[in-house]
Structures are given as structure tokens and as C-alpha cells.
Amino acid sequence: MADLKTELGEAVAAAFAAEGVDASLARVTTSDRPDLADFQSNGALAAAKALKANPRELATRVAARLSGDPRLSGVEVAGPGFINFKVADATLATRADAVAGDTALAGASPVVAPRKVVIDYAGPNVAKPMHVGHLRSSIIGESLKRLFRLRGDTVWGDAHFGDWGFQMGLLIVAVGDEGKADAFLADGDGPFPDVSPISLEDLERLYPAAAAQAKEDPAFRDRARKATAELQAGRPGYRALWQHFVAVSRTALEREFGALGVTFDLWNGESDADPRMAEMIAHLEAQGLLVEDDGARVVHVAGPGETRKKKLADGSVVEAPSPPPLLVISSEGSAMYGTTDLATIVDRRETIDPDLILYVVDERQAEHFEQVFRAAWLAGYADKGALEHLGFGTMNGTDGKPFKTRAGGVLKLHDLITQAQDKARARLTEANLGADLSSAEFEATAHKVAIAALKFADLSNSRTTSYVFDLDRFMSFEGKTGPYLLYQVVRIRSLLRRAAEQGAGRSPIDIVEPAERDLALTLDAFDQAVSDAYDKRMPHLIAEHAYRLAQSFSKFYAACPVLVAPDEATRGSRLALSKAALDQLVLALDVLGIETPERM
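Residues numbered from 1 in each chain as written. Predicted model: local features only at pLDDT ≥ 70, side-chain atom pairs only at ≥ 80, totals over all residues. Heavy atoms only, no water.

## Description of the overall build of the protein
For the protein, the count of helices and strands is 21 helices and 15 strands. The dimensions of the protein, computed from C-alpha atoms along their principal axes, are 85 × 65 × 45 Å. Put simply, the protein has 600 residues, and 52% of those count as buried. Within the protein, counting contacts between residues at least 6 apart in sequence, those at least 24 apart form 74% of the total. (Helix = DSSP H or I, 4+ residues; strand = E, 2+ residues; numbered from the N terminus. Buried < 20%, exposed > 50% of the residue type's maximum accessible area, 1.4 Å probe, protein only. Contact = heavy atoms within 4.5 Å.)

## Regarding unusual backbone geometry
Following Gly-190, the chain continues to Pro-191 via a peptide bond in cis, the omega torsion being 15°. Inspection of the secondary structure assignment puts Pro-191 in the loop between α7 (182-185) and α8 (200-216). Positioned with a positive phi, Lys-52 is a non-glycine residue whose angle comes to about 55°. Along the chain, Lys-52 turns up in the loop between α2 (43-51) and α3 (55-66). For Arg-537, which is not a glycine, the phi torsion comes out positive at approximately 60°. With respect to the helices and strands, the residue Arg-537 is situated in the loop between α19 (526-536) and α20 (540-559). On the basis of relative accessibility, which here comes to 8%, the residue Arg-537 falls in the buried class.

## Digging into the nonpolar core
With 134 residues, the main nonpolar core has Phe-16, Leu-147 and Phe-148 as its most contacted residues. Discounting chain neighbours no more than four positions away, the residues touching Leu-147 are Val-530, Ala-533, Tyr-534, Ile-542 and Val-591. (Core = buried A, V, L, I, M, F, W, Y, C linked by side-chain atoms within 4.5 Å.)

## Focus: the packing of helix α1 (residues 4-18) against α3
Running from N to C, α1 and α3 point in directions that differ by 125°, and their axes come no closer than 9 Å. The angle between the axes of α1 and α3 places the two elements in the oblique class. Viewed along their axes, α1 and α3 form a crossing whose handedness is right-handed. The residues of α3 that touch α1, namely those facing Ala-11, Val-12, Ala-15, Phe-16 and Ala-18, are Val-62, Arg-65 and Leu-66. The residue makeup of the contact of α1 with α3, split by class, is seven nonpolar, no polar and one charged. (Axes fitted to C-alpha atoms, helices over the stretch in contact; angles between N-to-C directions. Parallel < 35°, antiparallel > 145°, perpendicular 65-115°, else oblique. Left-handed = near helix turned anticlockwise from the far one by under 90°. Nonpolar A, V, L, I, M, F, W, Y, C, P; charged D, E, K, R; others polar.)

Written as C-alpha cells, this is what we have:
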């Protein structure tokens, strides 16, 4: 379903072409002066410069060709050659009716050529509790998964556990030193105990202690490296103990992801790529890509003397060294993170054969992914353009540094969600909302408000920027917040329930009042917001649209009485506009991973 901007763009392009001007210059944009026009085109300025003509004269000729278009109520030339367009009320009404009738996409359009897409996000580590650092990856990745599905792609969301690296060797040694896993440390094929010798609390205590000890004690570090290599080589007792680590950790991870409304189609870990490892390494050797380097084995991913352009914090661009070699096998014989990431690409190609793999991982991992992607391209495991790292900024405290607890530690994600739910309950009570709900429904609503606050606060910022975490501000029912949007949803639902109780029905939409025009134009803009968010991998564009839509409806509701409209046709039209706004707002929030309550 084409939006009005697209339709006008095609008409303006035809008018430009009729004047002998390159049609690609006829770009139509939303007017930056909505009091003067709905849309505008500045293409005459660029075209006139190329033709060495007068831009206003060219714009006047183009405008004359469009003046009879029935979709427009006005075409005017302004300034040195801007062309302003005012859409006819009847055109807006037709478009609004089409959006209202589009129960699946609410006015958005699907992609022309759907793809198979894998989105790798969250990246939790076995044996480590999830913390606020996992929040952005989980929220952004979930939203992108929903966005790509909305447009028609077949998408697999993969949690991609960190379950196969050095931390596993650290834990094996640490658990063994505490005498908790003697049966698993023995040589032989088992059998080994079915009951886990450790709890989640044990893992959360042991891992940081072991990591700290490894930094201070070379002998301990060497034992952990050896244990890692033996685990990856298939030592039965280590594998059995490791499986308990994974199972215990996954219980907690499913709890946190469930609370956030984040789901995965694949719960794969780095270990799932292990069966591909030997064949992949042999292939790299056969291609001459795997070379010895000081006892380790690496793939040189850059050409001799190659440099690259790097953008600095001040915006300047400098020449920087090319990425270093990808470390594939350590001097101890262990597979590294890059190795498992490369093997995972091979595994995904064999099992899914995706057209695109997106990695939603902290921007600080950019060089790592450049190394892995280059190695994949060199080895023929993926085409250029099929692998994308979608980096993101950090969630910071008021000091501008990555968010910490008041004591200076990393805040667990479970504790953050609990804090948000406590704050949501308090805000609902302060605002006298939810008083008529049952206890269970109030708790469910408070949870939805809490998650909406966290998710919208994150997703309303550009993925690539950092933002300051302020739970008090995020939890407000006023301003650009998740709770404000939920309140608007509940408000419209209440309006429609009252209309149904009165026997009032919807009728074809008629655009008369300025607030009706504004709401219809906002509904029309959803298609562009979805398309841009998809192309740029930027969910904040959906968040921006949702907020604009909520504001537009609020102005409409204040200016255009619905249930007490002057006549039945007007009431039915405004109810249809209200239902279209509700459906689109709920869909936009769903794309952001935000669940909406029925009442509040």
C-alpha cells in the first residue's frame, strides 16, 4: 500500500521528466512548514543548477503540470524554487480509509523480495548473571526481529550463548578446587551424575572469583586454559559438567528474557558450532589462509600495507591501520571467540542458508566483527553485504559513564526489572490509575508499564548513540515515554468501548477539521517510518512515529468531539479514525516489543 509521499513522488518525477529534467531529482519530502504545505520538493534547485536555468521558472513549469492533479488541493512555488503541495481532503480520507482497513499492516507495506534473515542478539554468557549491559542488545535485537517479520522476511532470532570459551575452563577448575565435582574430573567415559553439583548462586560466586584469580595466578590461568582445551577436545567428564553449567544458567536466562518479552527461535551457543570446527579449519588450511604465528594459528584478513579510514570522536576522519589477523587457534590449542563466530557462519549457511545475518552487539566489538567478516569473505563462507554488525551505544549513568549501581558494581538485569516494576506500581497509584483493577490485573499492568518504560527509553534513542538512564523520567505518564503511550492506547480503547455500549458504529472517513487532517497525515506516514527503520536498522524511527501518532490523536481528541459529534456520519468517521490510530499505535508498539494493557 503506497503512502501519499510515494504517490506524489511518482507524479513529480513524471512532471520533471516532461520538462526534460532527470526524474531522480524530483524527491518529495514531508514539509518542514506544515502550516503552509503537507509535502514539498526542492528538486528544481538542483536541476536548474545542472541545466544552468532559473530554478523558480523551472519550478513554476513543473507546478503547472501538477496543478490539475485531483489528489492535490494546492500546488505553489515558494522562495527560489521550492514546490509546496497541499493534499486534497478527499485524498486524505481515501488514504485513511485504506489504512483503517489494513488489519495486518496498518498502512505499512511489505518488502518486494522477502529474505531469510538471522538476527544474532542478546549474547548472554553461561555462568554469568545478565546485567544492564545485555539490555540494549536484547531490546534492539527483539525489535529488529519483529520489524523484519512485519515486512515479510523469514527471521530466526538467535540468543547465541557464550558457552565455549575460556570462562568454561575457569569454572571447571574453580568447581574442582572446591571439591564439588570430583566425579566429573575423573578420567573415563562415566557415567556421570545427572544432578548438577552446582547451583546458579555457585556459578555467580565462582566465576568472578576465578576470573580475578586467573589475572593474579599464572598457574591457575594455565590450568584453566588446559581445561578449556580438554573440554573442546571432548573430555567426557568435562562435557558432562559443562552441560550442567549450561542448564543451570539457561533457567535464569529464560526468566530474564521472559520478563522482558524477548524470545528466540534458536537457543544456540558457541558450542553448537564445534562440530563444524575441524572441517572448517581443514578448509582454511587447504586454501592457504591459516598460518602459523608465534605458536598460534591465524588468518590474515588484510592485505599488505592496507589501511582504512577511521572516524574519530570529533568527527574527523584519519587513516588507520588495517585490522589485525583473526586468531583461530591459540598456542594452547583452544578455539577462540573468532573461531566459533566463523564456524557459526558456516553452520548457519549449512542449516538455514540465510540471505542476511545481523549481529546486534556493542559497538566496542566492531573490530572483532570486521576480522570475522573479512575471514568469512576470504574463505567464501558469505558474500559481502550478507553480514552486518549493528553496533550500539551504552546505557550511561548521570556521570556519562556506563551505568553502575550506587556501590559502583554492575547492576543485574533481574534487579533492574524489579526496580522498574516497583516504580511502576508507585506511579500507577500516584496517578490514581488501576484502582478498579483486580490485584492480578494491576500487577500485570504494572509489569507492562515497567517494561514499556525501559524499552521505549532505549528504543527512542538512535541505536548508535548512548543515553542517560533515568528511571524516574522514563516512568512518567507525561512526555515522550512508554507509559504515556500506553495511557493513550488505554484511552482510545476506553473510547471505543463506550461507543460500542452506545451502539455507535464506524463509517467512511471524512476529513474536515485541521486535527483530522493532521491525524490522517500521521497515519499515512507509518509506511515511510517502517521502511526507513527497516533499511537503516534503526528502531527509534518506529518509536518516533508512535510518539507523533499519540500526540496527533491527543490533539484530535481535544479538537474533534467523537461521541458527541454533531451528526451520526461525523461520529462514525471519527470513530473510524480513532480505531485506525489505535490499531497502528498498538502495531508500532508491538514492533518495539511493548505489550499494551486493555485498561489502566
